Amino acid sequence: MKSNINDNLALRLAVASKAIPDIELKQFVSLLVGHCGEPLTEKKLRALSPKVLREVFQSSRYSVERSQVNQLHAILSSEQISPMEAPVVPEQTLLKGPIVQLAVSSNNLERIDGHFGSCLRFLIYQVSAQGFQLVDVRPVIENLSGDARTSYLIELIGDCQLLATLSIGGPAAARVSRADILPLKQLTPQAARSILERLQTVMDCPPRWLAKLLEKQEAEACLL
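Since the model is a prediction, treat every value here as computed from it, not as a measurement. Positions within a chain are numbered from 1, following the residues in the order the chain's sequence is written. Residues qualify for local features only when their pLDDT is at least 70, as the model is predicted, and side-chain atom pairs are given and counted only at 80 or more; totals for whole chains, interfaces and linings, by contrast, use all residues. As a rule here, side-chain values come from all non-hydrogen atoms in the structure, and water together with hydrogens is ignored.

(A) A look at the sheet that holds strand β4 (residues 132–139). The strand order across the open sheet formed by five strands is β4-β3-β1-β5-β6, and the pairing between neighbours is mixed. Two strands lie at the open edges of the sheet, namely β4 and β6 (182–185), each paired on one side alone. Adjacent strand axes in the sheet meet at a mean angle of 25° when their direction is disregarded. In this structure, strand β1 (residues 100–106) lies alongside strand β3 (residues 121–127), joined through seven bridges in antiparallel fashion. The partner of Val 100 across the bridge, within β3, is Val 127. Along the sheet, helix α8 (residues 192–202) makes contact with β1, β3, β4, β5 (162–165) and β6, crossing β3 at roughly 25°. Strand pairing is assigned whenever DSSP identifies at least 2 bridges connecting the two strands. A run of DSSP states H or I qualifies as a helix once it reaches four residues; a run of E qualifies as a strand once it reaches two. Both are numbered from the N-terminal end. Helix axes use the C-alpha atoms of the stretch in contact, all axes being lines fitted to C-alpha atoms, and the angles between their N-to-C directions lie in the range 0 to 180 degrees. Contact definition: two residues touch when any of their heavy atoms are within 4.5 Å.

Given below as structure tokens:
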């Protein structure tokens, strides 16, 4: 089996195995081969969803927490082979003018590379015409599933008006929208800066959908 695993794949598997320290690397690889078949490839690993990974472990004698599966999925599906690191929140500056708050579903540094239901954390940004800044990093720590998990995630980003995510299911997107958070699905993993810069350029003269969000935010602030 070793001869069928190239150096990049071996490195990815070694990094991924750190998310499930109770399972030896050889046993972990055997489980993946048993499900995906040989040869094991990075393309096959990227196709594995969190649900499928949970089923793989459930069919074995190993007990793995949901948070571990989500971290494992983040590493296996990531374009970059690296530990899933959280960014550091910098010293804050006072942004002037209308401000919109954006949540980013993220797995690694300041990137939009996480799925709404299985990301490791949400990065919270404030954006105005003057600039943008990272104001909070919120780990997803609850081992919940189904509607309870969606409710928890929405509550976690409840002070935001926008959500940038790599993927979100239809029912979850509907619930996010009903919570007055507009989901913005991205086609490919990318740096958070890409959408932040686009938002900043339209804050002086926001499009209608953004203007409505800002008007609602201002009206709610007046009630406080």
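(B) Structural detail: the nonpolar core. To form a nonpolar core, buried Ala, Val, Leu, Ile, Met, Phe, Trp, Tyr and Cys residues must be joined to one another through side-chain atoms within 4.5 Å. Only protein chains enter the accessibility calculation, which uses a 1.4 Å probe. A residue is then buried if its area is under 20% of the maximum for its type, exposed if over 50%, and partly exposed in between. Membership of the largest hydrophobic core comes to 29 residues, with the highest contact counts inside it found for Leu 13, Phe 28, Leu 32, Leu 40, Leu 45, Phe 57 and Leu 72. Only α1 (7–17), α2 (25–36), α4 (50–58) and α5 (66–77) provide two or more residues apiece to this core. The element that contributes the greatest number of residues to this core is α2, accounting for six residues. Ranked by size, the runner-up nonpolar core spans 20 residues in total, among them Ile 112, Ala 164, Leu 210 and Leu 214.

(C) Quick look at the environment of Lys 212. Topologically, Lys 212 is positioned in helix α9 (residues 208–223). Linking Lys 212 and Leu 32, residues 180 residues apart in sequence, is a C-alpha distance of 47 Å.

(D) How the structure looks around the packing of aromatic side chains. Whether two aromatic rings pair depends on their centres lying within 6.5 Å, for rings of Phe, Tyr and Trp, where Trp uses its six-membered ring; planes under 30 degrees apart make the pair stacked, over 60 edge-to-face, and the rest tilted. Within the structure shown, the criterion is met by one aromatic pair. Considering the side-chain rings of Phe 116 and Phe 122, the 6.0 Å spacing of their centres and the 55° angle between planes classify their relative orientation as tilted. Among the residues examined, Phe 116 registers a relative accessible area of 2% and is labelled buried.

(E) The pattern of salt bridges, seen in detail. For salt bridges, the criterion is a side-chain nitrogen of Lys or Arg within 4 Å of an Asp or Glu carboxyl oxygen. One pass over the full model with this rule turns up six salt bridges. In this structure, the salt-bridge partner of Asp 136 is Arg 138, at a minimum N-O distance of 2.8 Å. Look at Asp 136 and you get partly exposed, because its relative accessible area is 27%. Taking relative accessible area as the criterion, Arg 138 reaches 15% and is therefore assigned buried. Asp 159 is paired through a salt bridge with Arg 138; the nearest N and O atoms lie 2.9 Å apart. Here Asp 159 is found in the loop between α6 (146–156) and β5, whereas its partner Arg 138 is found in strand β4, with 21 residues between them in sequence. Each of the salt bridges in this network shares a partner with another, and the network as a whole consists of Arg 12, Glu 42 and Arg 46.

(F) Region of interest: α1. Those residues of α1 not exposed but buried are Leu 9, Arg 12, Leu 13, Val 15, Ala 16 and Ser 17. Polar contact is the term for a pair of N or O atoms within 3.5 Å; when the atoms are in protein, one must be able to donate a hydrogen and the other to accept it, and sequence-neighboring residues count only if both atoms are side-chain atoms. With a side-chain oxygen lying 3.2 Å from the backbone nitrogen of Asn 8, the N-terminal cap of α1 falls on Asn 6.

(G) Structural context of the pairing of β6. For β5 and β6, the ladder comprises four bridges, and the chain directions are parallel. If you follow Thr 165 over to β6, its bridge partner there is Lys 185. If you view a crossover with the strands going away from you and the path from the first strand over the helix to the second runs clockwise, you call it right-handed. Read from β5 through helix α7 (residues 170–178) to β6, the crossover connection turns out right-handed.

(H) View of the environment of Val 89. On the secondary structure map, Val 89 appears in the loop between α5 and β1. Once the C-alpha coordinates of Val 89 and Ala 191 are considered, the two residues, 102 residues apart in sequence, prove to be 16 Å apart. Beyond its immediate chain neighbours, meaning those up to four positions away, Val 89 contacts Leu 134, Val 135, Asp 136 and Val 137.

(I) Representation of the packing of α1 against α2 within the structure. At their nearest, the axes of α1 and α2 sit 10 Å apart, and the two run at 110° to each other. In terms of orientation, α1 and α2 fall into the roughly perpendicular class. In the crossing of α1 with α2, the sense of the turn from one axis to the other is right-handed. Contacts between α1 and α2 involve Leu 13, Ala 14, Ala 16 and Ser 17 from the former and Leu 25, Phe 28, Val 29 and Leu 32 from the latter. Of the residues contributing to the contact of α1 with α2, the split by class is seven nonpolar, one polar and no charged. Small angles under 35 degrees read as roughly parallel and large ones over 145 as roughly antiparallel, with 65 to 115 read as roughly perpendicular and the rest as oblique. In this scheme the crossing of two helices becomes right-handed for a clockwise turn of the near helix relative to the far one and left-handed for an anticlockwise turn of less than a right angle. Under the scheme applied, nonpolar residues are Ala, Val, Leu, Ile, Met, Phe, Trp, Tyr, Cys and Pro; charged residues are Asp, Glu, Lys and Arg; polar residues are all the others, including Gly.

Coordinates in, geometry out; function isn't part of it.
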